[in-house]
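Coordinate inspection notes
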Amino acid sequence: MVYETRLYDVLGVAPTASPTDLRKAYRKLALIHHPDKVQGGATAESDAKFKEIGEAYEILSDEKKRQIYDARGMDAAKGNGGPGDVDAQDIFSQFFGSGMFSNGGGRRQPSGPRRGRDMAHALKVSLEDLYKGKTSKLQVTKSVICSTCDGKGGKEGAVKQCSRCHGRGVETEIRQMGPMVQQIQHECRTCGGEGEEIDPRHKCKKCNGKKVVSERKQLEVNIDRGMKDGQKVVFQGEADQAPGIIPGDIVIVVQEKEHPRFKRRGDDLHYEAEVDLLTALSGGNIHIQHLDERVLNVSILPGEVIKPNEIKVIEGQGMPSYRHHDPGNLFVKFSVRFPESNWTSEENIKKLEEILPPREPVPSIPKGFEEEEAVLSAIDSHHQRKMNGGEDDMDEDYEEAQQGPGVQCAQQ
């Protein structure tokens, strides 16, 4: 029975946690609450949380301090040479590994761990799912710290500084080129740039001394209503792990699939509808199948003439805006399907002349101009070739005639 459990609660472990459990808990929480990982920048609250995590690990990772804390609590642990004013960043740097640099004033400070690369994955999403929202499951493969050796690569004491490069990870080679001397650096052939050697007899059997293993993880990607093409969903700290680095992020990039019926522009939708001539002139109804299993029954009122390429709007039937979900508009562009030639009798055509507005009068012929009759004909393949920039058949025959017969060389 321990005196109090506050520090164990901070790390999210039981009072019976082993040193390995404490290390894993600290690693996870420190990476989440590190000032460089807090969205929107560090705040007083996030700094206090990061310091609290460091203080808890500093006491519980020390066997003697942990015994005092378990028996008599926090005040006794601090009074017995405890942490006092803990520097959480120093504990973090010692745990993950740190570098040293001069800041210009001669004082050397730990630079802290490097941040790993982000991993980007494209997720193709249909317009229906962007309209309604969806949770997609995505399988990713990433490197994680080996749980058997805790990222050391082998047993305690098996990992030593590389004797060839002395821990630098690179070798320097000097070449003499006449009067010039060339200095070349390349990756150490012994340690492969790691700066460490592991005794083959004591290598971790699970990771084979690589300190990390591959793991498949399933991510649940929340596609919120109204998300757009190119928008990103970020899973902080979920990229590849490695000893001494802060894992980067997994970035899911939304790719909007092309839709067969709708075109999206911002929060608006665009749709092309075809109506017959009768509906365009005298009204009727059209159906538009929407993105959420609804069919819009759109009425065209009698007398509301629909012209070819005319655009109408249905307000509030576009895409929902991201987060607020305010609806955009649906724009409908009309095309009019005309009947085939000779579709009715001359008597019906005369009736149409009585119903439809009268023809506009043909403008008079300017003075000095002559009138000539012309007839419209359907376009055939010959006309189509000329329209597309091809040559006339007669022009081709003329060019062949001008070239004359081919000339052949006689051999003797």
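Residues numbered from 1 in each chain as written. Predicted model: local features only at pLDDT ≥ 70, side-chain atom pairs only at ≥ 80, totals over all residues. Heavy atoms only, no water.

1. Focus on the packing of aromatic side chains
- Under the counting rule described, the total for this entry stands at three aromatic pairs.
- Arranged with centres 4.6 Å apart and planes meeting at 20 degrees, the rings of Y26 and Y57 form a pair that is stacked. A residue pair is termed long-range when its members are at least 10 positions apart, and Y26 in helix α2 (residues 19-33) and Y57 in helix α3 (residues 44-60) qualify at 31 residues.
- On the accessibility criterion, Y26 (1% relative accessible area) is buried.
- Judged by relative accessible area, Y57 falls into the buried class, the value being 11%.
- Here the aromatic rings of F262 and Y271 are separated by 5.4 Å at their centres, their planes lie at 40 degrees, and the arrangement is tilted. (Phe/Tyr/Trp six-rings, centres within 6.5 Å; stacked < 30°, edge-to-face > 60°. Helix = DSSP H or I, 4+ residues; strand = E, 2+ residues; numbered from the N terminus. Buried < 20%, exposed > 50% of the residue type's maximum accessible area, 1.4 Å probe, protein only.)

2. A look at the sheet that holds strand β13 (residues 250-256)
- Sheet architecture is open: three strands sit in the order β4-β13-β11, paired in mixed fashion. With partners counted over all chains shown, the strands left at the sheet margins are β4 (119-125) and β11 (232-235), one partner each. Direction aside, neighbouring strands of the sheet carry axes that sit 25 degrees apart on average.
- In terms of strand pairing, β11 meets β13 through four bridges, oriented antiparallel. Counted as the bridge partner of K232 is V253 from β13. (Pairing = 2+ DSSP bridges. Axes fitted to C-alpha atoms, helices over the stretch in contact; angles between N-to-C directions.)

3. Describing the pairing of strand β19 (residues 330-337)
- Of the two faces of β19, only the one carrying L330, V332, F334 and V336 is buried; F331, K333, S335 and R337 on the other face are not.
- For strand β15 (residues 268-276) and β19, the ladder comprises eight bridges, and the chain directions are parallel. By the bridge assignment for β19, D276 is matched with R337.
- Of the strand pairs in this sheet, strand β18 (residues 311-314) and β19 are connected by four bridges, and their pairing is antiparallel. Paired with I314 across the bridge in β19 is L330.

4. Quick notes on a nonpolar patch on the surface
- Together, L281, V305, W343, L352, I355 and L356 make up an exposed nonpolar region whose accessible area comes to about 560 Å².
- Topologically, L352 is positioned in helix α9 (residues 346-355). (Patch = residues over 30% accessible without salt bridge, like charges linked within 9 Å, V, L, I, M, F, W, Y side chains within 5 Å. Areas by Shrake-Rupley, 256 points an atom, 1.4 Å probe, with all protein chains shown as cover. Salt bridge = Lys/Arg side-chain N within 4 Å of Asp/Glu carboxyl O.)

5. Comments concerning the environment of E196
- Position of E196 among the secondary structure elements: in strand β9 (residues 196-198).
- For the pair E196 and G167, spaced 29 residues apart in sequence, the C-alpha separation works out to 6.1 Å.
- If we skip the residues at most four places from it in the chain, E196 touches V159, K160, Q161, C162, C191 and K211.
- Polar side-chain contacts of E196 include one of 2.3 Å to the side chain of K211. (Contact = heavy atoms within 4.5 Å. Polar contact = N/O pair within 3.5 Å; in protein donor to acceptor, adjacent residues only side chain to side chain.)

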